[in-house]
Amino acid sequence: MKNRHLFLFGGSPPFTGNSGEKFASHINGKVAILFLERNGWKEYMPKYTSVLENQGIHDFLYLPLTSNPDHSILNELISCSGVIIGGGDTELYRDYIVDTEIGVHIKRMYQQGIPVAGFSAGALISPSYCVIPPIDNSKKEHLFLQGLSLLEDCVISVHYTKWNEETNLKVAMAKVDASVGYGIDDEGYLYFENEQLVEAEKYYKFT
């Protein structure tokens, strides 16, 4: 069985530290970038791709998320050897990925050893609990939703220092009875291999 690789980022792209090199080392084909389409999205994509291009990765598939994805997008997704989940409206990313066929395919691909990277919103939806802080949703409430379950028994917080998330993270850990919580700063990342943290920068861990 192939090793599983998960990269979680506390802020916006690009890949920081050694993460781009690590991610690229597991790629042998196309990389899918899942994102919410908005004005200027094409000009924004180099933020995701630039570091990987420096590592020799040049084949990217840009897949805008919708509430009703067609089968062509699913077929394109499963043809890829890496997956990047972008940042933006966390609730929309969760709605368009977690409870859909896209989420099913991402989980299956991850289990098969295809690396997955999540930036900000993409990081928040990756664990079994998708915890969205009040600052990051229209209800201005602490939301506890179903995540992708690529990681179990943990809570992830992004923009940790910028959003002053320590209290929210500890409250969330207690509410879902998670054994560990990670707060990731904007320039930070966590790299998990087989759900074990093996490399990280600019993060905080609570147990």
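One can find the structure itself at the top, above this paragraph.
Below or above, wherever it landed, is the structure these notes cover. Bear in mind the structure is a predicted one, so any value in this text is a computation, not a measurement.

### Digging into the pairing of strand 2 (residues 31–35)
Here is step 1 of the chain: Burial analysis of strand 2 places 5 of its 5 residues in the buried class, the great majority of the element.
Here is step 2 of the chain: Covered by surrounding structure in strand 2 are Val-31, Ile-33 and Phe-35 together with Ala-32 and Leu-34, the residues of both alternating faces.
Here is step 3 of the chain: In this structure, strand 2 lies alongside strand 3 (residues 60–64), joined through 5 bridges in parallel fashion. Within the sheet, the bridge partner assigned to Leu-34 lies in strand 3 and is Leu-63.

### Side note on the environment of Thr-207
Here is step 1 of the chain: Among the structural elements, Thr-207 can be located in the segment after strand 10 (196–206).
Here is step 2 of the chain: When the C-alpha atoms of Thr-207 and Lys-170 are compared, they prove to be 9.2 Å apart, with 37 residues separating the residues in sequence.
Here is step 3 of the chain: Residues contacting Thr-207, with those up to four places away along its chain left out, are Met-173, Ser-179 and Val-180.

### Examining the pairing of strand 4 (residues 82–85)
Here is step 1 of the chain: In strand 4, alternate side chains face the same way, and those of Gly-82 and Ile-84 on one face and Val-83 and Ile-85 on the other are all buried.
Here is step 2 of the chain: Sheet topology places strand 2 next to strand 4; 4 bridges connect them, and they run parallel. Residue Val-31 lies in a different strand from strand 4, and its bridge partner there is Gly-82.
Here is step 3 of the chain: In this sheet, strand 5 (residues 116–119) lies alongside strand 4 in parallel orientation, the contact comprising 3 bridges.

### Observations regarding the pattern of salt bridges
One side chain can pair with another of opposite charge once the charged atoms of both are near each other.
Here is step 1 of the chain: A full pass over the atoms with the stated rule returns 7 salt bridges.
Here is step 2 of the chain: Glu-195 is the salt-bridge partner of Arg-4, the closest N and O atoms lying 2.7 Å from each other. One end of the pair, Arg-4, is in the segment before strand 1 (5–9); the other, Glu-195, is in the loop between strand 9 (180–193) and strand 10, and 191 residues separate them in sequence.
Here is step 3 of the chain: Given the relative accessible area of 14%, Arg-4 is considered buried.
Here is step 4 of the chain: Taking relative accessible area as the criterion, Glu-195 reaches 26% and is therefore assigned partly exposed.

### A few points about the side chain of Arg-4
Here is step 1 of the chain: For Arg-4, the side chain forms a polar contact with the side chain of Glu-195, separated by 2.7 Å.
Here is step 2 of the chain: Those residues in contact with Arg-4, other than ones at most four positions away along the chain, are Tyr-110, Gln-111, Phe-192, Glu-193, Asn-194 and Glu-195.

### So, the environment of Leu-74
Here is step 1 of the chain: Its place among the elements puts Leu-74 in helix 4 (residues 71–78).
Here is step 2 of the chain: A sequence separation of 28 residues divides Leu-74 from Pro-46, and the C-alpha atoms of the two residues are 23 Å apart.
Here is step 3 of the chain: When residues no more than four places from it in sequence are discounted, the contact partners of Leu-74 are Glu-101, Ile-102 and His-105.

Reading the values: the criteria
Residues numbered from 1 in each chain as written. Predicted model: local features only at pLDDT ≥ 70, side-chain atom pairs only at ≥ 80, totals over all residues. Heavy atoms only, no water. Buried < 20%, exposed > 50% of the residue type's maximum accessible area, 1.4 Å probe, protein only. Helix = DSSP H or I, 4+ residues; strand = E, 2+ residues; numbered from the N terminus. Pairing = 2+ DSSP bridges. Contact = heavy atoms within 4.5 Å. Salt bridge = Lys/Arg side-chain N within 4 Å of Asp/Glu carboxyl O. Polar contact = N/O pair within 3.5 Å; in protein donor to acceptor, adjacent residues only side chain to side chain.

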